[in-house]
Amino acid sequence: GHKRFSVMAAATEDNLTYREAALTDAEEIFTIESESYPEDEAASLQSIEKRIKEAKQFFVLAQIKGHNKIVGFVNGTLTSSSALTHESMFSHEPQGSMLCIHSVVVEKTHRRKGFAAE
């Protein structure tokens, strides 16, 4: 198996909780994605649902403690390719060794507050 990765930022870890995405989150994720990327770059609802189904361990949501609202997320898929390709952006290869990050998003009303800080 793959090692679990941490998306916690030191400045905000006391305020945020993290969890894997579920299919029931797909529409809220799609809304945030659509508000964050140009139309030709934003993932479709179907792509988001596919990523959750196939690679949910790499689809992590951030929520403010005590609230259910998603304030941000990061997601990716694995590829066995040694380079990022157009094809690798649309498939998940569970045995792959390279993680392709698709989206790193903070909901627009929570930007510039340190949620995505390193």
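Use the structure listed above.
About the criteria used
- Residues numbered from 1 in each chain as written.
- Predicted model: local features only at pLDDT ≥ 70, side-chain atom pairs only at ≥ 80, totals over all residues.
- Heavy atoms only, no water.
- Helix = DSSP H or I, 4+ residues; strand = E, 2+ residues; numbered from the N terminus.
- Buried < 20%, exposed > 50% of the residue type's maximum accessible area, 1.4 Å probe, protein only.
- Areas by Shrake-Rupley, 256 points an atom, 1.4 Å probe, with all protein chains shown as cover.
- Pairing = 2+ DSSP bridges.
- Axes fitted to C-alpha atoms, helices over the stretch in contact; angles between N-to-C directions.
- Contact = heavy atoms within 4.5 Å.
- Core = buried A, V, L, I, M, F, W, Y, C linked by side-chain atoms within 4.5 Å.
- Arc of directions from axis to C-beta.
- 1 Å grid on protein atoms, 1.4 Å probe; cavity = no way out; pocket = protein on both sides within 12 Å on 5 of 7 lines; lining within 4 Å.
- Points joined across faces, edges and corners; volume = space filled by probe spheres on them.
- Nonpolar A, V, L, I, M, F, W, Y, C, P; charged D, E, K, R; others polar.
- Patch = residues over 30% accessible without salt bridge, like charges linked within 9 Å, V, L, I, M, F, W, Y side chains within 5 Å.
- Salt bridge = Lys/Arg side-chain N within 4 Å of Asp/Glu carboxyl O.

K.L.:
Quick question: what am I supposed to make of the overall build of the chain here?
P.N.:
On a plain count of helices and strands, the chain comes out with 2 helices and 4 strands. Across the chain, helices and strands are ordered from the amino to the carboxyl terminus as β-α-α-β-β-β. Per-residue burial over the chain gives 37% buried out of 118 residues. Counting every atom, the chain has about 7400 Å² of accessible surface; 50% of that belongs to carbon and sulfur.

K.L.:
Any chance you could explain the sheet that holds strand β3 (residues 70-79) here in plain terms?
P.N.:
Sheet strands pair by backbone hydrogen bonding; their relative direction is either parallel or antiparallel. Judged by pairing direction, the sheet is antiparallel, and its 4 strands sit side by side in the order β1-β2-β3-β4 without closing on themselves. Each end of this open sheet is capped by a strand with a single partner; those strands are β1 (16-20) and β4 (98-106). Looking at each pair of strands side by side, their axes are set apart by 20 degrees on average, direction ignored. Pairing of β3 with β4 involves 8 bridges; the strand directions are antiparallel. Bridge pairing in β4 links Gly72 to Val106. Running at roughly 90 degrees to β3, helix α1 (residues 26-36) makes contact with β2 (59-64), β3 and β4 of the sheet.

K.L.:
Explain the nonpolar core to me, please; I cannot follow it from the model alone.
P.N.:
When a protein is soluble and globular, its nonpolar side chains tend to lie buried together. Membership of the largest hydrophobic core comes to 13 residues, with the highest contact counts inside it found for Ala21, Ile29, Ile48, Ile52, Phe59, Leu61 and Phe73. Elements supplying a minimum of two residues to this core: α1, α2 (45-55), β2 and β3. Aside from chain neighbours lying at most four places away, what touches Phe59 is Arg19, Glu20, Ala21, Ile29, Ile48, Arg51, Ile52, Phe73, Val74 and Asn75.

K.L.:
Sorry if this is basic, but what is going on with α1 here?
P.N.:
Each α-helix winds once per 3.6 residues, and so residues spaced three or four apart point in a common direction. Turning to α1, its buried residues number three or more, namely Ala26, Ile29, Ile32 and Glu33. Angularly, the buried residues of α1 cover 130 degrees about the axis, an arc narrow enough to put them on a single face. On the buried face of α1, the contacting elements are α2, β2, β3 and β4.

K.L.:
Sorry, what's going on with the layout of surface pockets here?
P.N.:
To find the voids left in a structure, one rolls a probe of water-molecule size over its atoms. In this structure, the second largest pocket occupies an estimated 170 Å³ of space. Looking at the second largest pocket, it is lined by 13 residues, and the ones nearest its centre are Glu41, Ala43, Arg51, Met89 and Phe90. Within the residue set of the lining of the second largest pocket, elements represented by two or more residues are α2 and β4. Looking at side-chain class alone, the lining of the second largest pocket contains 5 nonpolar, 5 polar and 3 charged residues.

K.L.:
I would appreciate a short explanation of a nonpolar patch on the surface in the present structure.
P.N.:
Together, Leu99, Ile101 and Val104 make up a nonpolar patch on the protein surface, roughly 250 Å² of accessible area in all. Inspection of the secondary structure puts Ile101 in strand β4.

K.L.:
How do you make sense of the pattern of salt bridges when you look at a structure like this?
P.N.:
Pairing is possible between side chains that carry opposite charge, provided their charged atoms lie close to one another. Within this structure, the stated rule accounts for 2 salt bridges. Between Arg19 and Asp25 there is a salt bridge whose closest N-O contact spans 2.8 Å. We note a salt bridge from Lys50 to Glu54, for which the minimum N-O separation is 3.7 Å. Of this pair, Lys50 and Glu54 both sit in helix α2, 4 residues apart, which is roughly one turn of that helix.

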